[in-house]
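The chain contents come next:
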Amino acid sequence: MLKFITVFNPSYSRNEEDADKQLLLFHSFQDLQDGQTLSLNDKIAQLGVIQAMWQFSKTFSESQGTSESVVELDDTVLCTILVENSFFITLSFAPSELPEVPANYVLANLRHCYDFSTLHFGLWSTFTNHTQLTDRLNEFLVPFWAELNLMPYNLWHKGFLSCWPDCYKVADIEEGFQDNKESSTSWEADLKQQLLIDDSNFLGLQDILVYHLPKTTSGKSYKKYGLVSSFTPDFDWLPQISNWIEHLDNVYTVLSSHVLAGTVQYKEAVEEEPMQEPSNNEGLSTSQSMAAQSRKLYNNFMYPLTFAHDAVQEVGNMTGISSSMSLLSDFMPKMPSWKIWPGPEDNKAKVARSEFLISPLAASFLPESYKVKKMHLSYGGLIQRFNCLFWFYNETLVVLIYKEEFEKIWDHEYLHDTHFKLSQSIAKLYSTNLKTISKITPDSFCYAVVTKSTRRLRSSFPLNEVVKTPESTSALELVVNGLDGFLTLGPNRKTSVATLNPSRNQIAFEQEAAKESWGLSLMGGIFKKTQADNNPTAQTDTFLDGVPEEKLRFMHLDINKFINTLSTSRRASDLKEEKLIKLNNGVLCFLSENSEEIIVLVENWFDKKSSRTKKQPPKGNSALVQHMGTEAFHWWRKNTRA
Amino acid sequence: MVETPNENYVDKLRAPERLSSGSNSHQSSPFIIRATTDPTTSVNLTSSFSSASRPFADDASVYMDLASEQQSVSTSRRHLEHQLLQSMRSLDLSPRGHAVSNEIPSLFETRDPDNESQGPLPQEKQFFILSSAGKPIFSMHGKDELVMGLMGIIHTVANYFKVHDTKIHSITNSGGGCIKQNLVFIDKNPILLMAVSSREESLNDLSQQLDFLYSYLICTLSRRQLTRLFTKRENFDLRHFLTNTDFENLTHICESIANGFNPDFLLGALRCLTMRKSTRQAVHTAMLTHVQHAEVASERGTVLYGLIVAPGGQLCAVLRPRGHTLHTTDLHLLFSLIFNQYQGLQDDQELWLPICFPKFNSSGFLHCFIRRLPPHLTRTSPDLTAAGSETPLEDNREVSSSTPALVLISAQKESFFELKKIGQQIVDDLVSKSLLEQIERASKFGFTMADIPAKFVHHFIYKSKKHVQYVMPRLEELDLYNNDPYDDRTSTFTANYRDDQGEYERPDSHKREKHKVYLYKLMRTYTHIRNNVIDQNGAPLNRSVLSFIQWSSDGLPMNGLPHGEVVDVLCLAWLTPTFELFLICNNGASDRNAVLRSAKAIVDWCRRNEDRLFVKNGAIF
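As the structure is a computational prediction, the values presented were derived from the model and not from experiment.

1. With respect to the overall build of chain B
- Secondary structure summary: chain B contains 20 helices and 17 strands in total.
- Residues classed as buried in chain B amount to 45% of the 621 residues present.
- Relative to all contacts within chain B whose residues are 6 or more apart in sequence, the contacts with residues 24 or more apart total 74%.

As structure tokens, then:
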């Protein structure tokens, strides 16, 4: 489990006396016994040691280029990253309390945490007021890691893909349906034509990012997950924002307006309520959970309120909406499958859902963060603030990045118009590129390709799924900060809190009822789920999709070790390294790294034996990759420069 | 000694033949495959390569020496040359008149010696030893003042964690997706050891190396004495207690680990002398009869262990009590002493030495009787004088360090004369049965790649896990425990880096240097390929792993610059519960299936000849 996280900047301290000035954040995740706390001196000593080790290491090698450090102690691992050349972020965790988590998984999350924070409030060095920076770090870093602490499986969710934290996942979508040329233009061209360079958006719309975010439940592969398209070539922070969206999607299992607005947070259920465990929830009466909710109210106040007071008053009046909502915690665990759920969506399953998630269409009483997401993004090396709107169409998320001074987004007419144009283009995307061809056999191999220059990551490896029964016995709750607290104060004391066991099978959908009037929404939909239920076998894309949880995690760990051998390699710069590693548990892995890309191919050599074709590869030209199955080799031929 | 025709790898017949053909043995080879698979070992470099016409066609280390000789060369020019060097790394290796290259190209990045951004101690590897109170004991590189400060930091950091009830084990620094350096700490209170490496070694490799350094200290001091020294006074300065020889030896060990060819440390195994089963049996019998002789046997415990070691620490014969073996580390230490510290031991001298074997009993001493077994003890045959003249480049010192040695270990301090007697009897016996001659020959020739029907293989290491021993084809002029030590030591606990050392002018120094570079390349390659089957903590990736690694030129060669041989090296690492095989192919041999066949052939061959390649049980009493 996590021990502490600290952020410091040694350059903020000038001499011995003001050593405390360098400390920006120190948050301990552990309850110290007897009410004792770490003194400031202890904290500064800790920083001093971290710094000493860093400086000491510099004695032996060139001072530049080192940005990460992992210190292994008896029972603790200290992971440090250096950002913006002067800020150190150190996370301390006890590996013994977690299943095997390689340090680079943690480093990747640290890197992401920093990246996401810069999206929200810009580079840290731009803060002139250090207390202000501390406040923002408290708001951002602490909840981020507190959530990971509660749900540590998110640490290894991405498996060995964590080796490349600065790369972003790109959806690998075949352009197979391009041949029916009747539709004259591609969806991308449409989007560009109708939105990006349209008169109404002239110079206002900076970029459109299109993500395809299918749920990885029911064995759906990760292959088609990720960025589909972006339109401005010099978007430097594309990896950051893409990873942020992926992170939200992973952690909260569903992208809703609340999640994107940043008002949602997982918290540990109040200790005094052992009955709150998900398994016991059946016996819990509504009034009991009411009591629990009201107790949580106190906790909610601990977090920064994003709500304006007058907005809350209005919420109080909207009793009709809140009373129509059922208390999710009473019913969720009993539901064996989504089919039984008499959702209103069941009837119109074929109708695509599309809506703005974050837009000025949100109800006026909602805080600003529901209407427009202000993000710091860098285009061509210049970091600016942009207004971002989020829109979805089934499993596709569209991020519209507007210049801050572009006022038209507040015009509802304009938004409806945009909505229409987007629906048309994305519908086209679905009909041309995303149509699922029912494959007869899944791929017999998995691939991951990292393109170094563009930082694009293509991969068909399934990710580590969320552990079904979390080790921590406490129920985790998705709390809509503030909002719920005030709702419980309302006359009928009903609540919209979703007590969620964070498993992908349960989707918070309380917003469904509210969306019509509140302009809030929830991405994806229940009908998607039913579709998967009807046809569960058609979804396996690769041979690994059916592999059990635990095995998949170990395989990721194995591949992580292989990739480590690439990172320890000291080969000369003009050489490329290829390797083929065969374990006796069936894993056959091909790795290739050259100056442009890293390629990982994995297959099961047990399977290969039987399906291998008689055709021998041409003699004398037996490259390592040819040892992989024919399918993998064909992929290789198609996808590499060779 | 019966010469069986199918025993075709230790060749009594072929050895003189090869000698007679002089340095260039290719024509005389009876093997067809030789033309393609001949390893470096038997090639005379001077005849195959021209060295004069290429001013900087050499590897970086040689180049550095060259640069230091020519002071007038401007920095920018040197920089350019350095770049050129990197671009045509194997230019100097392109063979003349050979179809296949008999060198391996350098595969690893070389550091730019002129790089300004380097830290004060830019060497790729460092070892520090200090006392738990922070007093420096030994450092591989660096000036005293600098090292003193660094040790202060190590001490502070280690102490900080000690106060917090934990221990620091390692620091891994990385950046840009690759691991830049590893720092490993070992706390053996009252001694703290630290290693830094920016090479491809794993954390486990480094802690093994540190353990060896620590073992050396224990070997000379014993754990008991060490504890006593420090319990009296915590900030005791061990430097005053250690002798000059100790520092020399530490430096030597570090140097050998860092820049030498020493698979012993990497594999944690002993190299074994290849001998005929019957010969080894005869040696064992000779040893056993004299130890079990009636009058000796009455005093049990006089002889604890007996060893015959061939040059380069090749284990030849073992005499041991039933149920007891000596730890590999202990033997490495012993061999290191024999072939390094006491390499100057004259043939007629005998050594009676107290040694603490740290893994055997770290708080007590055993007593070793060491005696050289020079070949001229035997009735010299014309063949052997020829063998002596085959290596005319070696001076006397090396000859003496390249004679086998007999070691008898006893627990009793005063049993020197008994051991001397037993030793003499054993030597007499060996001489009378002309076994010494055979040991000498076996250690000189070993086997080469040509003895094994394995195509494309340049060199390999085969380790038998059961025996904790390894074998490899003969490498020319290889002396594991004596890789060219240097004498220039001015500071008390540091060894100077070799920058300012004048070039030791010897006609063959260039060739020797080149060969050293070759061995170093070989060693790094082995380290690297081993890391592909073993994780950072030294555990195998799986119960058995087979892994191929291929390095080849990336993209097009640079325009306008000359480039040498195209790099295309395939290596293989194969780990199973019974053996480990590491194999480096010839440059250009990239047919994976053929290589795998060769690997299987090697494994088959090693298994078939297990009796000759390894000391299986030794003489047990």
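2. Details of the overall build of chain A
- Check the secondary structure of chain A and you find 18 helices and 20 strands.
- In chain A, which comprises 642 residues, the proportion classed as buried is 45%.
- Counting contacts in chain A only where the partners sit at least 6 residues apart, residues at least 24 apart contribute 72% of the total.

3. Overview of the confidence of the model for chain A
All names here are of chain A.
- Across chain A, the average pLDDT comes to 71, with 66% of residues at or above 70.
- This stretch, residues 270-350, has a pLDDT under 50; its non-local contacts, to residues over four places away or in other chains, come to 105 contacts.
- Across residues 610-620, where pLDDT falls below 50, the model places 7 contacts with residues more than four positions away in sequence or in other chains.

4. Some points on the UniProt feature "domain: FUZ/MON1/HPS1 first Longin" (unreviewed entry) in chain B
- Summarizing the sequence annotation, UniProt attributes the feature "domain: FUZ/MON1/HPS1 first Longin" (unreviewed entry) to residues 125-245 of chain B in the numbering used throughout.
- For residues 125-245 of chain B, the helix share is 42%, the strand share is 31%, and the end-to-end C-alpha distance is 22 Å.

5. Let's talk about the nonpolar core
- Val600(A), Val407(B) and Leu583(B) are the most contacted members of the largest nonpolar core, which totals 286 residues.
- Residue contributions to this core peak at 11 residues, all from helix H7 (residues 203-221) of chain B.
- Once you skip the residues sitting within four places of it in the chain, Val407(B) turns out to touch Gly306(B), Leu307(B), Val309(B), Leu334(B), Cys368(B), Phe369(B) and Ile370(B).

6. Details of the sheet that holds strand E1 (residues 2-8) of chain A
- Sheet architecture is open: 10 strands sit in the order E2(A)-E1(A)-E5(A)-E4(A)-E3(A)-E3(B)-E4(B)-E5(B)-E1(B)-E2(B), paired in antiparallel fashion. Looking along the sheet, the strands with just one partner apiece sit at the ends: strand E2 (23-28) of chain A together with strand E2 (136-139) of chain B. Direction aside, the axes of adjacent strands within the sheet are offset by 10 degrees on average.
- Pairing analysis gives 6 bridges linking E1(A) to strand E5 (residues 87-93) of chain A, with the strands arranged antiparallel. Bridged to Thr6(A) within E5(A) is Thr90(A).
- Against the sheet, helix H3 (residues 130-150) of chain A makes contact with E1 and E2 of chain A, and its axis sits at roughly 25 degrees relative to E2(A), the strand it touches most.
- Set on the sheet, H7(B) makes contact with strand E1 (125-131), strand E3 (168-175), strand E4 (178-188) and strand E5 (191-197) of chain B; between it and E4(B) the angle comes to about 35 degrees.

7. Some remarks on the interface of chain B and chain A
- Each side of the interface is counted separately: chain B has 63 residues, and chain A has 53 residues.
- For the side of chain B that touches chain A, the secondary structure elements donating two or more residues are helix H6 (144-163), E3, E4, helix H18 (509-531), strand E14 (545-553) and helix H19 (592-608) of chain B.
- Among the elements that make up the side of chain B that touches chain A, the one with the highest residue count is E14(B) (9 residues).
- A breakdown of the residues in the side of chain B that touches chain A according to their chemical character gives 22 nonpolar, 30 polar and 11 charged.
- Summarising the sheet, strand E3 (residues 68-73) of chain A and E3(B) pair through 6 bridges and their orientation is antiparallel.

8. What about the domain arrangement of chain A?
All names here are of chain A.
- Each assigned domain of chain A is listed here: domain 1 (2-150), domain 2 (168-177 + 185-534) and domain 3 (569-639).
- Facing 11 residues of domain 2, the contacting portion of domain 3 comprises 16 residues.
- Of the residues contributing to the side of domain 2 that touches domain 3, the split by class is 6 nonpolar, 3 polar and 2 charged.

9. Considering the pairing of strand E13 (residues 396-403) of chain A
All names here are of chain A.
- Along E13, 6 of the 8 residues are buried, which leaves the element largely enclosed by surrounding structure.
- Note that strand E12 (residues 382-393) and E13 share 8 bridges and pair antiparallel. If you follow Phe386 over to E13, its bridge partner there is Lys403.
- Taking the residues that link successive antiparallel strands as the turn, the E12-E13 hairpin has 2 residues, and the phi of Asn394 there is positive, at about 50 degrees.

10. Thoughts on the environment of His627(A)
Residues and elements named next belong to chain A.
- With respect to the helices, strands and loops of the structure, His627 is situated in the loop between helix H17 (605-611) and helix H18 (630-639).
- Its 21 C-beta neighbours within 10 Å are what place His627 among the buried residues.
- For the pair His627 and Val251, spaced 376 residues apart in sequence, the C-alpha to C-alpha distance is 38 Å.

11. Regarding unusual backbone geometry
- Put simply, Asn189(B) and Pro190(B) share a cis peptide bond, and its omega is 10 degrees.
- Position of Pro190(B) among the secondary structure elements: in the loop between E4 and E5.
- Positive phi, close to 65 degrees, is recorded for Asn85(A), a residue that is not glycine.
- With respect to the secondary-structure elements, Asn85(A) resides in the loop between strand E4 (77-83) and E5.
- Within the chain, Val468(B) stands out as a residue other than glycine whose phi angle is a positive 50 degrees.

12. Quick look at helix H16 (residues 416-432) of chain B
Residues and elements named next belong to chain B.
- The terminal C-alpha atoms of H16 lie 24 Å apart, and with 17 residues this matches the ideal 24 Å at 1.5 Å per residue to within 8%.
- Within H16 the residues assigned to the buried category are Leu419, Ile422, Gly423, Ile426 and Leu430. Along the axis of H16, the buried positions cluster into a sector of 105 degrees, meaning they face one direction only. Opposite the packed face of H16, turned more than 90 degrees from it, sit the exposed residues Phe417 and Ser432.
- Looking at the residues trailing H16, positive phi occurs at Ser434, about 45 degrees.

13. Examining the pairing of strand E16 (residues 579-585) of chain B
All names here are of chain B.
- Within E16, 6 of the 7 residues are buried, leaving the element largely enclosed by the surrounding structure.
- Taken together, the 7 bridges between strand E12 (residues 457-464) and E16 define a ladder with antiparallel strand orientation. Paired with Tyr462 across the two strands is Leu581, which belongs to E16.
- Where strand E15 (residues 568-575) lies against E16, 5 bridges are found, and the strand directions are antiparallel. Across the sheet, residue Ala573 finds its bridge partner in E16, namely Phe582.
- If you look at the hairpin formed by E15 and E16, you'll find 3 residues sitting between the two strands.

14. A closer look at the packing of helix H1 (residues 40-58) of chain A against H6(B)
- Packing of H1(A) against H6(B) leaves a shortest axis separation of 10 Å and a crossing angle of 145 degrees. In this structure, H1(A) meets H6(B) at a crossing whose hand is left-handed. Only Leu150(B), Ile153(B), Thr156(B), Val157(B) and Tyr160(B) of H6(B) make contact with H1(A), whose side of the interface consists of Val49(A), Ala52(A), Met53(A) and Phe56(A).
- Partitioned by chemical class, the residues of the contact of H1(A) with H6(B) number 8 nonpolar, 1 polar and no charged.

15. Brief notes about the environment of Ile257(B)
All names here are of chain B.
- Along the chain, Ile257 turns up in helix H9 (residues 244-259).
- Judged by the 26 C-beta atoms lying within 10 Å of it, Ile257 is buried.
- In this structure, the C-alpha to C-alpha distance between Ile257 and Thr274, residues 17 residues apart in sequence, is 24 Å.
- Excluding anything up to four places from it in sequence, Ile257 contacts Gln209, Asn262 and Phe265.

16. Observations concerning the environment of Lys465(B)
Residue and element names in this part refer to chain B.
- Inspection of the secondary structure assignment puts Lys465 in the loop between E12 and strand E13 (469-471).
- Residue Lys465 is classed as partly exposed on the basis of its C-beta count, with 15 C-beta atoms lying within 10 Å.
- Sequence-wise, Lys465 and Ala317 are 148 residues apart; in three dimensions their C-alpha atoms are separated by 18 Å.

17. What about the confidence of the model for chain B?
Residues and elements named next belong to chain B.
- When pLDDT is averaged along chain B, the result is 72; 69% of the residues meet or exceed 70.
- Here residues 1-75 scores under 50 on pLDDT; set against residues more than four positions off or in separate chains, the count is 100 contacts.
- Below a pLDDT of 50 lies the segment residues 87-101, which in the model reaches 44 contacts outside its immediate sequence neighbourhood of four places, other chains included.
- The ipTM assigned to the predicted complex is 0.77, against a pTM of 0.78.

Each value, and the rule that gives it
- Residues numbered from 1 in each chain as written.
- Chains lettered and ligands numbered in written order.
- Predicted model: local features only at pLDDT ≥ 70, side-chain atom pairs only at ≥ 80, totals over all residues.
- Helix = DSSP H or I, 4+ residues; strand = E, 2+ residues; numbered from the N terminus.
- Buried ≥ 20, exposed ≤ 12 C-beta atoms within 10 Å, placed from the backbone.
- Contact = placed C-beta atoms within 7 Å.
- pLDDT = per-residue confidence, 0-100.
- UniProt positions renumbered as here; feature names shortened; annotations may be inferred.
- Core = buried A, V, L, I, M, F, W, Y, C linked by C-beta atoms within 7 Å.
- Pairing = 2+ DSSP bridges.
- Axes fitted to C-alpha atoms, helices over the stretch in contact; angles between N-to-C directions.
- Nonpolar A, V, L, I, M, F, W, Y, C, P; charged D, E, K, R; others polar.
- Domains from an automatic or database assignment.
- Expected span 1.5 Å × (residues − 1).
- Arc of directions from axis to C-beta.
- Left-handed = near helix turned anticlockwise from the far one by under 90°.

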